[in-house]
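Below are the chains, spelled out letter by letter.
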Amino acid sequence: MAFAEEETTAYLGMNLVEDHCDTADGSLTAGWSPSGSCKLSAHAEDPAPDALPPPPPPLTATPDSDSDEEGVPRPRKPSGLYVLAAHRKDEKDGLCRAISRLPRPWVTYRVSGWVGVAASAEEGSSSTHAVHVEVRVDGHRPVGGGVAVVEPGKWGEIKGSFRVDDDEPPRSATVYVHGPAAGVDLKVMDLQVCAVNKIPRLRHLRKKADRVRKRDVILKVSGGRDADGGVSSVAGAHIQVIQVQNSFPIGSCITKAGINNPEYVDFFTRHFDWAVLENELKWYYTEAVQGQVSYADADELINFCDQHGKPVRGHCIFWAVENSVQPWVRALNTEQLRAAVEARLRGLVSRYSGRFPHYEVNNEMLHGSYYRSRLGDDIDAHMFRETAAIDSAPALFVNDYNVESANDPNATPEKYVALITDLQRRGAPVGGIGIQGHVTHPVGDVICDALDKLAVTGLPVWVTELDVSAADESVRADDLEIVLREAFAHPAVEGVMLWGFMQGHMWRSHAQLVNADGKVTEAGSRLVGLRREWTSHARGKVDGNGNFKFRGFHGTYQVLLTTADGEVRKRAFDVKKGDAPLVLDMDF
């Protein structure tokens, strides 16, 4: 697993935005220009401690700063020197400045800094504003950025990213800061744009995964009873330990069309542990016409998974986004809609009772409120409560997108936690958190920061719909590795589901691990390599005390003992989470 060698150069530490933040006079505004209608001015003040976000948990990393541990830099302290944009007449009004050193094609950049809005006597203390930092190249084309949701009088940290996915370098690049409503003064402090150095992060994640996903094991081996009734010695016997299953599952969505393709089936059955149906269980699929309910395609896919021993996640009972609700449902009045919701719950959940280990109950509630706006604030929690009443077996998940990307004001980790907390307050038995992972130019420590914030709930987290899109195969492979390593190394994450893997059978283009002709892409090879890396095997001889020691990933193992006369004896055991060494008596 290696990223491009050029990323080890000094270029990675270079701020592409010229630094004019060393004085509090007018020179601070040098390089900044008004974007739209506003007036700029320079200011200096030390932010009060309560005006800054709380410090991140210890394992969260932020870029372009000094580091105590390789791959885990310390956050930079705000300088207190900032530029203010006042008299804004539109939410698009704000600040802009050219990026003086043009970004390179296919290199991921991190946008970092601090943004805020000035307090206003007219605003309530609970009001918040989304501040966008947007990068555009060649005058108009957006390529990424970040967003922070901030309260008046406080500062929010920008943790965005962008990439120019073109072979030709851009002719110009500009960063824009905007977002709050007209009349709200906007502040920017310590903006930096730096290329991401993935190499130290990669080394850190390997060490972290060793701590989080592995355990020391001591096998105390005996050879049964000898002719005199004593324990037969096996000291010096050859022993081989083979991991047959990792306890961290990696799966994929599947489709009816896909399972009719032999190359699709071959890659899926060899490289994935779990499955989820892409569309075939959704309400708009099973009941496109009112009263005409069919689970035939879902049953076919579930039976396929049963034949291959793959658990299936239930996706999804409802979908909160209005344009994903079928027309006949949108045409119902309030009482008809309530009756249709109850019929869907009873019909689906009772039909598959005990079949699914997980359910996504109402998909994308951060981005949609179709049922809540029509049936009241308690309907989402009601869906969870009723699902659990019908089938108590599955863990019931929330599921949403952009939570890990720091680019969507509707889907911050803080808003996700608030949603979960409200559901729990209403008696919803939320059993897990799904982050979809439809990512573009991912940055590892940004993902980790979101995972840290979700972990405070104590709920298991799954990456439920992972795909990465890049026309360049090497970039796509790197992006996939970034997300998989962050997920695997984080103690709150319990599994990853890809949102497809084969060209022609995926929702997103330039995301395939396998081409339509069956050829495995570089991203597919990277997945296979990571799965191999995350599998433990050991071999050697039993020591003089009858022990065999190794360190292995959590999961299921088979051990083979070869006796002096060449007989091979087998046993199986599991390695589960734990800080202390696992000591197992193995009687052969």
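Calculation rules
Residues numbered from 1 in each chain as written. Predicted model: local features only at pLDDT ≥ 70, side-chain atom pairs only at ≥ 80, totals over all residues. Heavy atoms only, no water. Helix = DSSP H or I, 4+ residues; strand = E, 2+ residues; numbered from the N terminus. Expected span 1.5 Å × (residues − 1). Contact = heavy atoms within 4.5 Å. Pairing = 2+ DSSP bridges. Axes fitted to C-alpha atoms, helices over the stretch in contact; angles between N-to-C directions. Buried < 20%, exposed > 50% of the residue type's maximum accessible area, 1.4 Å probe, protein only. pLDDT = per-residue confidence, 0-100. Phe/Tyr/Trp six-rings, centres within 6.5 Å; stacked < 30°, edge-to-face > 60°. Left-handed = near helix turned anticlockwise from the far one by under 90°. Nonpolar A, V, L, I, M, F, W, Y, C, P; charged D, E, K, R; others polar.

1. Brief notes about helix α9 (residues 413-425)
Across its 13 residues, α9 extends 18 Å between first and last C-alpha, which sits within 8% of the 18 Å expected from 1.5 Å per residue. In the core, the buried residues of α9 are packed alongside α8 (379-390), β19 (395-400), β20 (430-435) and α10 (444-455). Taken from the residues just after α9, Gly 427 is the one with a positive phi, measuring 90°.

2. Quick word on the sheet that holds strand β13 (residues 214-222)
Read from one edge to the other, the open sheet built from three strands follows the order β25-β13-β28, with strand pairing classed as mixed. Unpaired on one side and paired on the other, β25 (547-553) and β28 (582-587) mark the two borders of the sheet. Each strand of the sheet is rotated relative to its neighbour by a mean of 30°, with strand direction disregarded. Where β13 meets β28, six bridges bridge the pair, whose relative direction is parallel. Bridge assignment links Leu 219 to a residue of β28, and that residue is Leu 584. Contacting β13 and β25, helix α1 (residues 198-213) crosses the sheet at an angle of about 50° to β13.

3. Examining unusual backbone geometry
Omega for the bond connecting His 315 with Cys 316 falls within 30 degrees of zero, at -15°, which places this linkage in the cis form. Secondary-structure assignment places Cys 316 in strand β17 (residues 312-319). Of note in the backbone geometry, Asp 190 takes a positive phi value of approximately 60° without being a glycine. When you line up the elements, Asp 190 lands in strand β12 (residues 186-195). Of the residues examined, Asp 190 reaches a relative accessible area of 11% and is grouped as buried.

4. Comments concerning the side chain of Asn 515
Secondary-structure assignment places Asn 515 in the loop between β23 (493-498) and α12 (522-533). Beyond its immediate chain neighbours, meaning those up to four positions away, Asn 515 contacts Glu 473, Met 502, Gln 503 and Thr 521.

5. Structural notes on the sheet that holds strand β24 (residues 537-541)
Spatial strand order, β24-β14-β26-β27: four strands in an open sheet with antiparallel pairing. Here the strands that pair on one side only, and so sit at the sheet edges, are β24 and β27 (568-575). Averaged over neighbouring strand pairs, the angle between their axes works out to 20° when direction is ignored. As paired strands, strand β14 (residues 238-246) and β24 are joined by five bridges and run antiparallel to one another. Bridging from a neighbouring strand, Val 241 pairs with Ala 538 of β24.

6. What to know about α10
Here α10 is 12 residues long and its end C-alpha atoms lie 16 Å apart, about the 16 Å a rise of 1.5 Å per residue gives. Here α10 lies mainly inside the structure; 10 of its 12 residues are buried. The complete set of buried residues in α10 reads Gly 444, Asp 445, Val 446, Ile 447, Cys 448, Asp 449, Ala 450, Leu 451, Asp 452 and Leu 454.

7. Regarding the confidence of the model for the protein
Across the protein, the average pLDDT comes to 91, with 89% of residues at 70 or higher. Taken together, the stretch residues 58-69 has pLDDT below 50 and engages in 40 contacts with residues farther than four places along the chain or on a different chain.

8. Quick look at the pairing of strand β11 (residues 173-178)
A large share of β11 lies buried, amounting to six of its six residues. Of the two faces of β11, the one lined by Ala 173, Val 175 and Val 177 and the one lined by Thr 174, Tyr 176 and His 178 are each fully buried. Sheet topology places strand β6 (residues 94-98) next to β11; four bridges connect them, and they run antiparallel. Bridge pairing in β11 places Cys 96 opposite Tyr 176. With six bridges connecting them, strand β8 (residues 129-137) and β11 associate as antiparallel partners. Paired with Val 135 across the bridge in β11 is Val 175.

9. Side note on the packing of aromatic side chains
In this structure the tally under the stated criterion is 24 aromatic pairs. Taking 5.3 Å as the distance between ring centres and 85° as the angle between the ring planes, the aromatic pair formed by Phe 356 and Tyr 359 counts as edge-to-face. Using a relative accessible area of 2% as the deciding quantity, one classes Phe 356 as buried. Look at Tyr 370 and Tyr 371: their rings are 5.1 Å apart centre to centre, the planes differ by 90°, and that puts the pair in the edge-to-face class. Exposure remark for Tyr 370: the relative accessible area of 2% places this residue in the buried category.

10. A few points about the packing of α1 against helix α11 (residues 473-489)
Contact geometry of α1 with α11 gives a least axis separation of 8 Å together with a crossing angle of 35°. The two elements α1 and α11 cross, and the hand of that crossing is left-handed. Contact with α1, carried on its side by Lys 198, Arg 201, Leu 202, Leu 205, Arg 206, Lys 208, Ala 209, Val 212 and Arg 213, involves Asp 478, Glu 481, Ile 482, Arg 485, Glu 486, Ala 487, Phe 488 and Ala 489 of α11 and no other residues of that element. Residue composition of the contact of α1 with α11, by class: eight nonpolar, no polar and nine charged.

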